[in-house]
Amino acid sequence: MANHPSTNDMLTPGPEPSEAHAVQPLHFLAFSSALDPGFWHTLTQKKIDDFKLDDLPQPLWASFTNADPVGLPQRLTVEFNAFDLKSPVPPRSCRALGTLHNTNTLDAFKVANKRALLDAAGHEIWEAIVSRRAVEDPSLLTRFVLLTFADLKKYHFYYWFAFPALCFPESIVLTSPPADLGDLYSPQQISALHAAYDDLCSQEGNTALPCFLIGPLGGEVVDAASLRDWGSFNCRHAKVTVVAFDPCTLSNHPGWPLRNLLVLLSHVWSVTQVEVLCFRDRTTFGNRNSTHSLLLSLHLPQLPSTGCPHISGWEKNEKGSLGPRMVDLSDCMDPLRLAESSVDLNLKLMRWRLVPSLNLDAITKTRCLLLGVGTLGCHVARTLLAWGVRHMTLVDNSRVSYSNPVRQPLYEYEDCLAGGKLKAPTAAERLRKIFPGVTAQGEVLSIPMPGHPLSGDAKEVAKEVARLENLVASHDVIFLLMDTRESRWLPCLLAASQRKLVINAALGFDTFVVMRHGLKLAREDDDLADQAAAKETTAGASSSLACHSSLFSDIPGHRLGCYFCNDVVAPGDSTRGRMLDQQCTVSRPGLAPLAGALAVELLVCVLQHPKGGYAPASVADDRLDEPPTVLGLVPHQIRGFLSRFEHVLPASHAFDKCTACSPVVLEEYERNGFAFLHRVFDSPHTYLEDLTGLTQLHQETQTAEIWDISDDETV
């Protein structure tokens, strides 16, 4: 830059050391390396697939922030994407470019010329200063060297960092004691600094700047400019402060990046006296705070007249001496184990602040059986995976068709070719590809249904029923996600008999229902519960009139109804005589993801309740009360109306004449087994209605209607 004003014209000289303040040398806090385990996994992949025996230097990048709380060391963080130089820097962080030297043997690592590696990186910084490229791009002032050896048999990684710093021949001197920004300026004046900095970041297209210039603080507006505007900016202001992005958290010392910036100021503009603001910008609970930033008044010694200054910067190890470090990642570098830890990260972060008492083990260990792997089943499976469920069995007997992949996210176009792949094993395989740590099995199984007479060998159907019975017995939760009403009957009956929790989801065009079935008590416990309920009813009869709570609030979990408890007709063949649009589940595309997600969220809330599946039903009136779990309510049903963007939370009692879970049906099944089921499959729906007493209920209702008409006619 030609015709630069002199230093005295551009900067007001700092005060001379006073008698009260003894001259003190300025000390800088060195970086501490922080390597994410994902970086070693990436290095392993690149070593095997790309680098092989090539030990040439490789470019990479790291980042540092000025937002760390007090007590943390200033870190240079190397993430899993360090080799992708186009990756965005984390918000409010600065980029540092570096060079990886990965050796092929441990001996090569030991004998590597450390001085040559450090000098090469330092000369790159010096060349950027001399050529003034660092004036245009101050990020060139912060570089690093990473020397590594990866023992891929043992997953032992040896590494040594260097953070090259150009050294003045003499110490930099503090001309006055360091001062906190908050001790010298008001919150309004600091807010003006924030505004100027944010505007400059926006102009530069970054969320953070390694350094910049500001005019005098103290007014309502602060003038800020980039380092490249040094000449014109100093002409506008009698006093200029150099602001350095400072990752250090110590109260009296600046961070490592300031060292090379001061060398640049001395070499390019012959600065000897300078005021530096070590800018620290922390946001806690939404409150931005920079009052802990340091103001330093410095005297800079002269640089050598020729050549590059001395270079230092190798990192000390855990013992405080110059030497490499070693990290043993044998327990977590297996890709499967690394994937498992990464999958669980979001869930574990929930427990840091939001829900510390969240019981993740209860979710992870739950074995889920998904009956139906269509639109609902695919979304339920993906959400279970996100919640950390590790064991799923998917049951379906259909094939993937061309209309499926756009609505069912576990299938692709290729799955539709050649007649279509079987859904259950295809979906299970896709889940394992998404996350190899999941135990996902696909079972091709036809579920016999009431009103659908057996067309084949009854023995083969009995085997299918036995398979389904075993599947229900070996899982903790049963999801009913099939298309037709009658296909849910047999699983509902089996789950009630085996005391398994059922989560049911069904779709209309723009409506859905998600519900949990009442979890039956063991037979002896059920009898005791009946006696207790009878006593409560007798004792509370007189006071019930004064109670304002809903009739359907606080229904205990074992008294909740199932999918069929609200019906007064038995299930039958619902597809016979129907058109194509009536046979298929035609619903708005956004409905299945909503219902599937709510089905899983309902299960998770049940698992968080102390009573589990026996949790009383939450209803809409409970929304203002203290929630029963850390995640909120545990409703019986969630009924959604997409046309109104509305949810309601009804609850209903188990129906003593239910065709699926009433005592008489359970007793008949448990006494006669497949013989009973065979009769249900081959008989019209009137058999179940006769058995449960629905037929008599219909007759009594009709008789009552007739008497009502007769009374009307006589009036």
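As shown above, the structure is provided for reference.
Here's what I pulled together on the structure shown here. None of the values given here were measured: they were computed from a predicted structure. (Residues numbered from 1 in each chain as written. Predicted model: local features only at pLDDT ≥ 70, side-chain atom pairs only at ≥ 80, totals over all residues. Heavy atoms only, no water.)

1. What to know about the pairing of strand S12 (residues 241-245)
Threshold: Buried, partly exposed and exposed residues are distinguished by accessible area as a fraction of the type maximum, computed with a 1.4 Å probe on protein chains only: under 20%, between the cut-offs, and over 50%, respectively. Each helix is a run of DSSP H or I of at least 4 residues and each strand a run of E of at least 2, with the numbering of both proceeding from the N terminus. Strand pairing is assigned whenever DSSP identifies at least 2 bridges connecting the two strands. For crossovers, right-handed means that the path from the first strand over the helix to the second runs clockwise, given strands pointing away from the viewer.
Burial analysis of S12 places five of its five residues in the buried class, the great majority of the element. Neither face of S12 is left uncovered, since the one carrying Thr-241, Val-243 and Phe-245 and the one carrying Val-242 and Ala-244 both have all their residues buried. Across four bridges, the pairing between strand S10 (residues 211-214) and S12 is antiparallel. Directly across from Ile-214, in S12, lies its bridge partner Thr-241. Sheet analysis places S12 next to strand S13 (residues 273-279), joined by five bridges and oriented parallel. Looking at S13, one finds that Phe-245 is bridged to Phe-279. Once the chain exits S12 it traverses helix H9 (residues 258-269) before rejoining the sheet at S13, and the crossover so formed is right-handed.

2. Regarding the sheet that holds strand S25 (residues 637-641)
So the rule is basically this: Angles run from 0 to 180 degrees between N-to-C directions of axes, and those axes are lines fitted to C-alpha atoms, restricted for helices to the stretch in contact. Contacts are residue-level and defined by heavy atoms, with any inter-residue pair within 4.5 Å sufficient.
Strand order in the open sheet made by the eight strands is S21-S20-S19-S22-S23-S24-S25-S26, with mixed pairing throughout. Each of the sheet's edge strands pairs with one partner strand only, and the pair in question is strand S21 (439-444) and strand S26 (646-648). Adjacent strand axes in the sheet meet at a mean angle of 15°, parallel and antiparallel pairs treated alike. Bridging between strand S20 (residues 391-396) and S21 involves six bridges; their strand directions are parallel. Following the sheet pairing, Met-392 is matched in S21 by Ala-440. Contacts from helix H13 (residues 423-434) reach S20 and S21 within the one sheet, and its direction differs from that of S21 by about 170°. Contacts between helix H18 (residues 591-608) and the sheet are confined to strand S19 (367-371), strand S22 (477-480), strand S23 (501-507), strand S24 (511-516), S25 and S26, with S24 contributing the most and set at about 15° to the helix.

3. Describing unusual backbone geometry
Of note in this structure, Arg-92 is not a glycine but carries a positive phi near 60°. Structurally, Arg-92 is set in the loop between strand S4 (75-78) and strand S5 (93-103). With a relative accessible area of 36%, Arg-92 lands in the partly exposed category. Even without glycine at this site, Tyr-155 takes up a positive phi of about 55°.

4. As for the state of the cysteines
To keep it simple, the criterion reads: Note on terminology: disulfide denotes any pair of cysteine sulfur atoms within 2.5 Å.
One pass over the full model with this rule turns up zero disulfides. You can see Cys-211 has no disulfide; the closest cysteine sulfur is in Cys-94, sitting 8.8 Å from it. Looking at Cys-492, it has no disulfide partner, and the nearest cysteine sulfur is the one in Cys-562, 3.8 Å off.

5. Structural notes on the pattern of salt bridges
So the rule is basically this: For salt bridges, the criterion is a side-chain nitrogen of Lys or Arg within 4 Å of an Asp or Glu carboxyl oxygen.
Per the stated rule, a full pass over the model turns up 28 salt bridges. Note that Glu-204 and Arg-228 form a salt bridge whose closest N and O atoms lie 3.1 Å from each other. Within this pair, whereas Glu-204 is found in helix H7 (residues 187-204), its partner Arg-228 is found in the loop between strand S11 (224-225) and helix H8 (230-236), the two being separated by 24 residues in sequence. Among the residues examined, Glu-204 registers a relative accessible area of 27% and is labelled partly exposed. Here the salt bridges do not stand alone but share partners, grouping Arg-92, Asp-198, Asp-281 and Arg-288 into one network.

6. Section: the nonpolar core
So the rule is basically this: Definition used in this section: a nonpolar core is a set of buried Ala, Val, Leu, Ile, Met, Phe, Trp, Tyr and Cys residues joined via side-chain atoms within 4.5 Å.
Counting 99 residues, the largest nonpolar core has Phe-39, Ile-129, Leu-262, Leu-264 and Leu-298 as its most contacted members. If near-sequence neighbours (up to four positions away) are discounted, Ile-129 is found in contact with Ala-134, Leu-141, Leu-166, Asn-260, Val-263, Leu-264, His-267 and Val-268. With 50 residues, the next largest nonpolar core counts Leu-358, Leu-376, Val-380 and Phe-479 among its residues.

7. Considering the environment of Ala-150
Within the secondary structure, Ala-150 sits in strand S6 (residues 143-151). On a C-alpha basis, the gap between Ala-150 and Thr-44 in space is 7.5 Å, while along the polypeptide they are 106 residues apart.

8. So, the side chain of Asn-317
Which entries qualify depends on this criterion: N or O atoms closer than or at 3.5 Å make up a polar contact, with two conditions inside protein: a donor-capable atom paired with an acceptor-capable one, and, for residues adjacent in sequence, both atoms drawn from side chains.
Tracing the sequence through the fold places Asn-317 in the loop between strand S17 (310-314) and strand S18 (325-328). Within the local environment of Asn-317, its side chain forms a polar contact with the backbone nitrogen of Lys-319, the two atoms lying 3.0 Å apart. Discounting residues that sit within four places of it in the chain, Asn-317 has contacts with Gly-323, Pro-324 and Arg-325.

9. Concerning the packing of helix H15 (residues 489-497) against helix H19 (residues 663-672)
The condition is simple: Should an angle fall under 35 degrees it is called roughly parallel, over 145 degrees roughly antiparallel, and 65 to 115 degrees roughly perpendicular, with every other angle called oblique. In this count, Pro and Cys sit with the nonpolar residues alongside Ala, Val, Leu, Ile, Met, Phe, Trp and Tyr, while Asp, Glu, Lys and Arg are called charged and the others, Gly among them, polar.
Following both chains from N to C, one finds H15 and H19 inclined at 85°, their axes separated by 10 Å at the closest point. As far as their axial angle goes, H19 and H15 are roughly perpendicular. Of the residues in H19, those touching H15 at Leu-493, Leu-494, Ala-496 and Ser-497 are Val-665, Leu-666, Tyr-669 and Glu-670. Counted by class, the contact of H15 with H19 contains six nonpolar, one polar and one charged residues.

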